[in-house]
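So you can see what is in the structure, the chains are spelled out below.
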Amino acid sequence: MTTTPPAPLEALTRHFIDLRDGNHFGHVTRTGKETAFAGAVQLLDAPARQVLGEFNEHLLVGTGRIDATGLHRDQRGGLIASWLLAWPEQRAANLAPISLIATYGAGFHHPHLRGATIGEWPLNVAAPGHASELVPVLRTIAGADIHNLVFQVGGDWRIIPALHPADERASA
């Protein structure tokens, strides 16, 4: 075991601390949080294009096109930005493009990331190396799951023991 949590767990901790403390990167007003979100969207642009570029190169043999919507208001007044990878076969089948979506919903405490479709990841493991390759995917699935559990209880971060003070944990 290491004393430093993996990056996805650090991100989840920051996310839950925002809920606990009622802010988002120090911002407590909607305007401040929207400004922080706009900055996050700018920071996400290069990595999102990189990931979609990798999918285009390795899975779509360069037939895809990456489009970014830029930051804009959604129909309910929230903010949204999307990076989309479309290709001829996907369009012909009338399917959504591969999507990386940053959203800060009008009624949300803080922003989220999602895809056009999220659900199941293929499991093809026949050797130890195959299993270790899935560590980032497993972290992502577990992180999404615990996030959704907090969401299901109305954003109640208190279901995460690590966010309680150490003295409170010791007495439990």
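For the structure itself, consult the block above.
Residues numbered from 1 in each chain as written. Predicted model: local features only at pLDDT ≥ 70, side-chain atom pairs only at ≥ 80, totals over all residues. Heavy atoms only, no water.

A. Fine view of helix α1 (residues 7–21). The first and last C-alpha atoms of α1 sit 21 Å apart over 15 residues, in line with the 21 Å expected at 1.5 Å per residue. What α1 keeps buried is the set Leu12, His15, Phe16, Asp18 and Leu19. In an axial view of α1, the angular spread of the buried residues amounts to 145°, which keeps them on one side of the axis. One or two residues past the end of α1 sits Gly22, with phi positive at roughly 70°. (Helix = DSSP H or I, 4+ residues; strand = E, 2+ residues; numbered from the N terminus. Expected span 1.5 Å × (residues − 1). Buried < 20%, exposed > 50% of the residue type's maximum accessible area, 1.4 Å probe, protein only. Arc of directions from axis to C-beta.)

B. Just the nonpolar core, in detail. Phe37, Val41, Ala48, Leu52, Leu60, Leu79, Ala81, Trp83, Leu85, Trp87, Ala102 and Tyr104 form the largest nonpolar core, which has 12 residues in total. Breaking this core down by element, the ones donating at least two residues are α2 (30–58), β3 (79–86) and β4 (98–104). Leave out the neighbours within four places in its chain, and Leu60 touches Phe55, Leu85 and Trp87. Counting 7 residues, the second largest nonpolar core, distinct from the first, contains Leu12, Leu19, Val150 and Ile160. (Core = buried A, V, L, I, M, F, W, Y, C linked by side-chain atoms within 4.5 Å. Contact = heavy atoms within 4.5 Å.)

C. Summary view of unusual backbone geometry. Although it is not a glycine, Phe25 sits at a positive phi angle of roughly 50°. Counting through the fold element by element, Phe25 comes out in the loop between α1 and α2. Of the residues examined, Phe25 reaches a relative accessible area of 59% and is grouped as exposed.

D. A look at α2. With 29 residues, α2 ought to run about 42 Å at 1.5 Å a step, and its terminal C-alpha atoms sit 40 Å apart, in line with that. At Leu44, α2 is bent by approximately 40°, the largest bend along its length, and proline Pro47 sits one to four residues beyond. All of the buried residues along α2 are Gly32, Lys33, Glu34, Phe37, Val41, Ala48, Leu52 and Asn56. Residues of α2 that are buried make contact with β1 (65–68), β2 (72–73), β3 and β4. (Bend = angle between axes of the 7 residues up to and from the residue.)

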